[in-house]
Amino acid sequence: MRVLVKGAGVAGLTAAFELANRGAAVTVAETRQTLGGNASWFAGGMLAPWCERESAEQSVLDLGRNAADWWDAATPDQVTRAGTLVVAAPRDSGELDRFARRTSGHRWVDEDEIALLEPDLAGRFRRGLLFPDEAHLDPRQAMAALHDRLAAMGIEFRFGADARLGSGFGRQIDCTGMAAIDDRLRGVRGEMLILRTPDVSLSRPVRLLHPRFPLYAVPRADAQFMIGATMIESRSARPVTARSMMELLGTAYALHPAFGEAEIVETGVGVRPAFPDNLPRVETNGEIIAINGLYRHGFLLAPAMARQAADLVFSQDRTKELAHETDGQRRSA
């Protein structure tokens, strides 16, 4: 069976992997000239289903709890399993209590344990929440590793492809995100910074709670940190605004003053597709199966959505085979 996957973001790459693993001949078509530059490229890469439950439905936790295992198997050595640390300034301790009530899979840590977990945060926070089963990855490295794995499996990539490409394939998987024609989708703009400083070292993502400007800092290689992210109801992909830059930098400084002297390596904006309920969907329209609405949970939920899409492809194919067999038997009779 030949399957065309449209879109080489996280949804498209994970779908291609699931399909190829089950024996499909897969082609991935991407209108961009190279890998990257889409919303996936600007993601935080946190595989944090228990933390996300604070503002998401139970299904996000259910669908995302095995994401770290999936990425570990598909892209060895890309996943760091060090958990997530959630902290708040003493004046915002109520935010920490609220976060704890809305989530599970955590335990309370005091000032001494925070210092053991993250020595550079010693003395800065009196208590926090540790989510030990969570993980993270660098989205850009993970996408490159998955692309290379897929290419080694014989999957064809067509970059700079015409969006109308589709003839000659038995199935199509539409993973084009905001480019999809779907009036139900809205854009949620997320702005991020990449900072570099050798004066801060973190072993895991740290979330700093704040009533207005919550922030996460995700460690990456070369003394870099992904700092994010805003959530603005907008389809605009224009550069980061001055207000957002000030809010992100100010909150990063509150996490650790050394971020005030950090180099700003990069700013970025990703527009994430979301349905009204903020939950992803796998839907069928004839020979086309669409994966969309991953919202802010791309790397967390894409593996589960890819499995659902692959299940549909092969169940539909088997249904057609059985229909042909039944029809042939009738004719023979």
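Now for a quick tour of the structure. Not measured: the values here are computed from a predicted model.

Before going further, it helps to examine the overall build of the chain. Scanning the chain from N- to C-terminus turns up 9 helices and 17 strands. Over its C-alpha trace the chain gives a radius of gyration of 21 Å, about what one expects of a compact globule, namely 20 Å for 333 residues. Along the first, second and third principal axes, the C-alpha atoms of the chain reach 80 × 35 × 35 Å. Looking at the chain residue by residue over its 333 residues, the buried ones come to 52%. Excluding contacts between residues fewer than 6 apart, the proportion of contacts in the chain whose partners are at least 24 apart in sequence is 76%. Side-chain charges in the chain split into 39 positive and 43 negative, and the spacing between the mean points of these groups amounts to 5 Å.

Turning our attention to the pattern of salt bridges. Using the criterion set out here, one finds 23 salt bridges in the structure. Between R98 and E95 there is a salt bridge, with its nearest N and O atoms 3.2 Å apart. Placement of the pair is R98 and E95 together in helix α5 (residues 93-102), with a separation of 3 residues, close to one helical turn. On the accessibility criterion, E95 (19% relative accessible area) is buried. One salt bridge connects D277 with R281, and the closest N-O pair in it is separated by 3.5 Å. Via salt bridges that share partners, E18, R22 and D311 belong to a single interconnected network.

By size, the foremost hydrophobic cluster in this structure holds 50 residues, and its most contacted members are L19, V26, L47, W71, I173 and I291. Taken together, the elements giving at least two residues each to this core come down to β1 (2-6), α1 (10-21), β2 (25-30), α4 (67-74), α7 (139-152), β17 (288-292) and α9 (298-332). Here this core gets 10 residues from one element, more than from any other, and that element is α9. When residues no more than four places from it in sequence are discounted, the contact partners of I173 are V3, L4, V5, K6, A15, L19, I289, I291 and V313.

This paragraph deals with the packing of α4 against α7. Taken N-terminus to C-terminus, the directions of α4 and α7 make an angle of 50°; their axes are 10 Å apart at the nearest point. Judged on the interaxial angle alone, α7 and α4 are oblique. In this structure, α4 contributes W70, W71, A73 and A74 to the contact, and α7 contributes A142, L146 and R149.

As paired elements, β1 and strand β9 (residues 171-174) share 4 bridges and run parallel to each other. For K6, the partnering residue across the bridge sits in β9 and is D174. Where β9 meets β17, 3 bridges bridge the pair, whose relative direction is parallel. Across the sheet, the residue bridging to Q172 is I288, located in β17.

Before going further, it helps to spend a moment on unusual backbone geometry. A cis amide bond, omega -15°, links G228 with the succeeding residue A229. Following the sequence through the fold, A229 ends up in the loop between β13 (224-228) and β14 (232-233). Even without a glycine there, the phi angle at D222 is positive, about 60°. The exposure class assigned to D222 is exposed, which follows from its relative accessible area of 51%. Backbone geometry at N278 places phi at a positive 65°, although glycine is not the residue there.

Taken as a whole, this structure holds 6 aromatic pairs when the rule is applied. For the pair W71 and F299, a centre-to-centre distance of 5.4 Å together with 35° between the ring planes defines the contact as tilted. Here W71, found in helix α4, pairs with F299, found in helix α9; they are 228 residues apart in sequence, far enough to count as distant. For the pair shown, W71 and F299 are each scored as buried.

The buried fraction of strand β6 (residues 127-131) amounts to 4 of the 5 residues, a majority that puts the element mostly inside the structure. Relative to β6, strand β4 (residues 84-88) runs antiparallel, the two being bridged by 4 bridges. In the strand pairing of β6, L85 is matched with L130. In this structure, strand β5 (residues 107-110) lies alongside β6, joined through 4 bridges in antiparallel fashion. For R107, the partnering residue across the bridge sits in β6 and is L130.

Calculation rules
- Residues numbered from 1 in each chain as written.
- Predicted model: local features only at pLDDT ≥ 70, side-chain atom pairs only at ≥ 80, totals over all residues.
- Heavy atoms only, no water.
- Helix = DSSP H or I, 4+ residues; strand = E, 2+ residues; numbered from the N terminus.
- Rg over C-alpha atoms; globule rule 2.2 N^0.38 Å.
- Buried < 20%, exposed > 50% of the residue type's maximum accessible area, 1.4 Å probe, protein only.
- Contact = heavy atoms within 4.5 Å.
- Lys, Arg positive; Asp, Glu negative; His and termini not counted.
- Charge placed at Lys NZ, Arg CZ, Asp CG, Glu CD.
- Salt bridge = Lys/Arg side-chain N within 4 Å of Asp/Glu carboxyl O.
- Core = buried A, V, L, I, M, F, W, Y, C linked by side-chain atoms within 4.5 Å.
- Axes fitted to C-alpha atoms, helices over the stretch in contact; angles between N-to-C directions.
- Parallel < 35°, antiparallel > 145°, perpendicular 65-115°, else oblique.
- Pairing = 2+ DSSP bridges.
- Phe/Tyr/Trp six-rings, centres within 6.5 Å; stacked < 30°, edge-to-face > 60°.

Honestly, it's all geometry; don't read function into it.
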